[in-house]
Amino acid sequence: MKPVYIAGAGMTRFGRSEWSLIKLASVASLAAIHHAKLGDVPIDSVVVANMGAARVNKQTALGSALVDQLALYPAMAEAVENGPASGASAFKVGCQAIASGMADVVLVTGVERMRVVNGLEGTDFVASLSHPEVEYIYGVTLPSLAGMFTRMVMDRFGVERKHLAMVAIKNHENGAKNPYAHIQQTVTMEGILTAPEAVVNNPPIAEPLHLFDCCPVSDGAASVVLVSQAVAEKLGGPRVRVAGIGQATDTHAVHEREDPTDLKAVRLASEKAFSMAGKAPGDVDVAELHDAFTILEIAESEAAGFFPRGEGHLALDRGETKLDGTLPINPSGGLKAKGHPVGATGVAHLVELTWQLRGEADARQVKDAKVAYACNFGGFGNNVVATVLEREAA
Amino acid sequence: MAQISELEASLRPPAMEMPPYPPKVITLASGEEMVVRQVERDEVPTLLEAIYPLLWVERDFYDIVGARLFGELLAYKRYRVKDEYVLAGLIDGVLAGMVNGRLVDEKTGMSYHTLTIRRGLRVGSHLFAAKMEYHIEHCAQEEVLIVAESPIGFRRWMIEYPLEKRFEVQHELGGVPSWVLPKETYYNAKPRLVSGRRPVPEELLQSAETITLPAEELVVRQVAGEKEGNA
């Protein structure tokens with residue numbers, strides 16, 4: 001396989017946008033193209049990640065639409081839909097195109113505009129990724145699955161609500177340093193858990209998960225420019241190499257898993273990614289995990305191999321995952337504070353990690369980051385893409 | 001009250017005795033302390049200044065809520081609504097939101113508007129709860145008539161409390177079929193929706209004595225969000 005590099009990364013601010021879906025995608029794409037300093041180097045292929053445009057925006061064929069908007073003809077173009085893992089899946093498709101020699105420059109853009117529908121409709125649209133016959137028809141939503149998962153993890157490993165709150169507090173603190181984050185507001189343990197008013201401030205969503213355990217519903221887009229080694233050498237500048245990608249699947253229905261608290265697809269995808277990269281979890285300097293719910297950051301940090309099973313919350317207690325800890329997790333603010341425009345999320349992970357590896361993350365910069373890891377969690381853990389990036393000397 | 005002419009007196013609605021709303025302090029999710037207190041008539045111009053830029057913000061119906069509230073506050077200041085009151089939430093003296101309503105008679109309250117400036121911290125929920133607290137606990141009313149002009153309001157009031165339908169009654173806000181919060185429902189909801197501590201420490205109370213406004217640009221950005229996502 002030929003090496004693949006990320007030459008540029010850009011995104012829109014996540015939140016609620018007045019822009020159309022394609023305008024969001026275009027702005028993020030242009031930011032990434034500008035960041036890559038592509039100049040007159042042509043883009044061979046465009047891959048757009050998205051989950052719900054056909055349903056909530058009544059728009060399909062997003063690859064063709066983005067090529068047209070940016071006048072990138074005659075570039076190859078397609079859209080990739082893989083639930084909440086659409087972003088990293090599209091990234092994988094882009095990497096495959098370069099690794100195979102089919103393309104030298106690929107634009108990968110994730111986009112979602114889901115605030116055009118109300119909360120109930122948005123929740124229902126995301127719930128459509130659950131099993132249609134044994135989950136969805138019984139009213140399962142992602143918060144309800146996450147609530148049940150959290151209860152099991154709490155019972156089994158001693159995770160407490162204070163640990164969930166610690167994830168939220170940390171990620172809101174990071175998000176407050178990220179100008180692209182949906183929520184740039186810090187929260188406190190007192191305000192969301194211990195003060196009498198916390199009952200009102202942080203109401204239950206799906207017990208034991210409360211409001212501040214859940215990511216917001218966001219609009220937004222994120223984009224990266226992938227290039228071959230030859231193009232990377234021509235462009236010069238900082239070099240971020242895609243060192244490894246792994247993907248794994250698990251049963252569609254969560255209750256069919258032998259141990260529903262075991263995020264097997266995260267574990268297997270991560271093992272593949274680390275193996276391909278020739279790295280171990282201990283080599284990672286910074287990670288972006290898919291904390292759609294606070295519990296997922298804890299559980300994924302274990303399944304990815306950063307901490308022993310059942311001890312992710314203890315690492316939180318020790319402050320290891322803070323921005324100045326031994327393994328900063330979600331310096332961007334994570335889905336929790338940065339936001340979660342579903343199809344854009346997986347790409348946004350890689351945008352943040354690219355900036356981190358290039359030393360361009362400003363107030364949230366992790367010192368001397370050389371190796372980075374991302375986990376894009378699709379379904380309720382039934383389709384996961386893990387990525388390892390490495391900074392190379394130019 | 002200043003001396004008024006006979007004509008002016010005839011233009012004013014007759015007033016009932018209204019108890020004061022005792023100020024309280026609420027710790028928000030951010031850890032900040034929000035003082036909720038009653039707004040006097042001479043403070044209304046400051047609130048109007050805060051509302052003015054929102055009259056053109058369509059998002060979440062701030063335009064209609066703002067415009068109606070603007071009129072209601074003016075009417076309160078100039079004695080053209082019967083038995084109206086206004087409460088404000090202040091963080092370090094800076095206006096975070098406001099609510100208003102009026103007493104229809106001794107037993108029934110009429111909720112008017114809830115307008116949040118500092119969003120994302122459930123300021124609106126806290127202030128609406130304070131309004132219900134005023135009607136039921138301090139004015140000893142039996143029920144409050146309520147409508148929502150935005151989906152957010154519907155979720156916060158009709159669903160969260162939950163309110164009962166009283167559709168045979170047209171609410172004063174546009175004649176919309178009313179919902180009602182009976183006293184019993186209020187007390188059932190109180191443990192999860194009504195919070196705050198009294199008395200407010202003197203220092204905090206002093207910080208809330210004068211209403212300060214956030215910058216207009218900040219108000220519009222907080223309320224309307226990013227009009228154009230930035231790259």
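Residues numbered from 1 in each chain as written. Chains lettered and ligands numbered in written order. Predicted model: local features only at pLDDT ≥ 70, side-chain atom pairs only at ≥ 80, totals over all residues.

### Observations concerning helix H2 (residues 44-51) of chain B
Residues and elements named next belong to chain B.
Moving on, step 1. Of all the residues in H2, the buried ones are Leu-47, Ala-50 and Ile-51. Each buried residue of H2 lies within a common arc of 95 degrees when the element is viewed along its axis, so the set occupies one face.
Moving on, step 2. Looking at the buried residues of H2, the elements they touch are helix H3 (62-77), strand E4 (94-103), strand E5 (108-116) and helix H8 (216-224). (Buried ≥ 20, exposed ≤ 12 C-beta atoms within 10 Å, placed from the backbone. Helix = DSSP H or I, 4+ residues; strand = E, 2+ residues; numbered from the N terminus. Arc of directions from axis to C-beta. Contact = placed C-beta atoms within 7 Å.)

### Observations regarding the sheet that holds strand E9 (residues 286-288) of chain A
Residues and elements named next belong to chain A.
Moving on, step 1. Spatially, the nine strands line up as an open sheet ordered E3-E2-E4-E7-E1-E8-E11-E10-E9, and their pairing is mixed. A single partner strand is all that each edge strand has here, and the edge strands are strand E3 (76-80) and E9. Within this sheet the neighbouring strands show an average axis-to-axis angle of 25 degrees, counted without direction.
Moving on, step 2. For strand E4 (residues 105-113) and strand E7 (residues 219-228), the ladder comprises nine bridges, and the chain directions are antiparallel. The residue of E7 that forms the bridge with Val-105 is Val-227. (Pairing = 2+ DSSP bridges. Axes fitted to C-alpha atoms, helices over the stretch in contact; angles between N-to-C directions.)

### A short note on the interface of chain B and chain A
Moving on, step 1. Facing 21 residues of chain B, the contacting portion of chain A comprises 32 residues.
Moving on, step 2. Secondary structure elements with two or more residues in the side of chain B that touches chain A: strand E1 (24-27), helix H4 (123-138) and helix H6 (183-193) of chain B.
Moving on, step 3. Here the side of chain B that touches chain A is composed, by residue class, of six nonpolar, 10 polar and five charged. (Nonpolar A, V, L, I, M, F, W, Y, C, P; charged D, E, K, R; others polar.)

### Notes on the pairing of E1 of chain B
All names here are of chain B.
Moving on, step 1. As paired strands, E1 and strand E2 (residues 33-38) are joined by four bridges and run antiparallel to one another. Looking across to E2, one finds that Ile-26 is bridged to Met-34.
Moving on, step 2. Between E1 and the antiparallel strand that follows it, E2, lie five residues; Gly-31 among them carries a positive phi value of about 90 degrees.

### Brief notes about the confidence of the model for chain B
Interpreting fine coordinate detail is not advised for predicted regions of low pLDDT.
Moving on, step 1. For chain B, the mean per-residue pLDDT works out to 94, and 96% of the residues sit at or above 70.
Moving on, step 2. Prediction confidence for the complex, expressed as pTM and ipTM, is 0.94 and 0.91 respectively. (pLDDT = per-residue confidence, 0-100.)

### Here we look at the sheet that holds E5 of chain B
All names here are of chain B.
Moving on, step 1. With mixed pairing, the eight strands of this open sheet are ordered in space as E1-E2-E3-E4-E5-E6-E8-E7. A single partner strand is all that each edge strand has here, and the edge strands are E1 and strand E7 (164-170). Taken over all neighbouring pairs, the strand axes of this sheet differ in orientation by 30 degrees on average, direction set aside.
Moving on, step 2. Across six bridges, the pairing between E4 and E5 is antiparallel.

### Looking at the nonpolar core
Moving on, step 1. Ranked by internal contacts, the top residues of the largest apolar core, which has 203 residues, are Val-224, Val-225, Val-347 and Ala-372 of chain A together with Leu-87 of chain B.
Moving on, step 2. Element by element, the count of residues in this core is highest for helix H1 (residues 21-36) of chain A, at 10 residues.
Moving on, step 3. Each residue touching Val-347 of chain A, except ones within four places of it in the same chain, is listed here: Ala-49, Gly-87, Ala-90, Phe-91, Val-108, Thr-109, Gly-110, Ala-222, Ser-223 and Val-224 of chain A. (Core = buried A, V, L, I, M, F, W, Y, C linked by C-beta atoms within 7 Å.)

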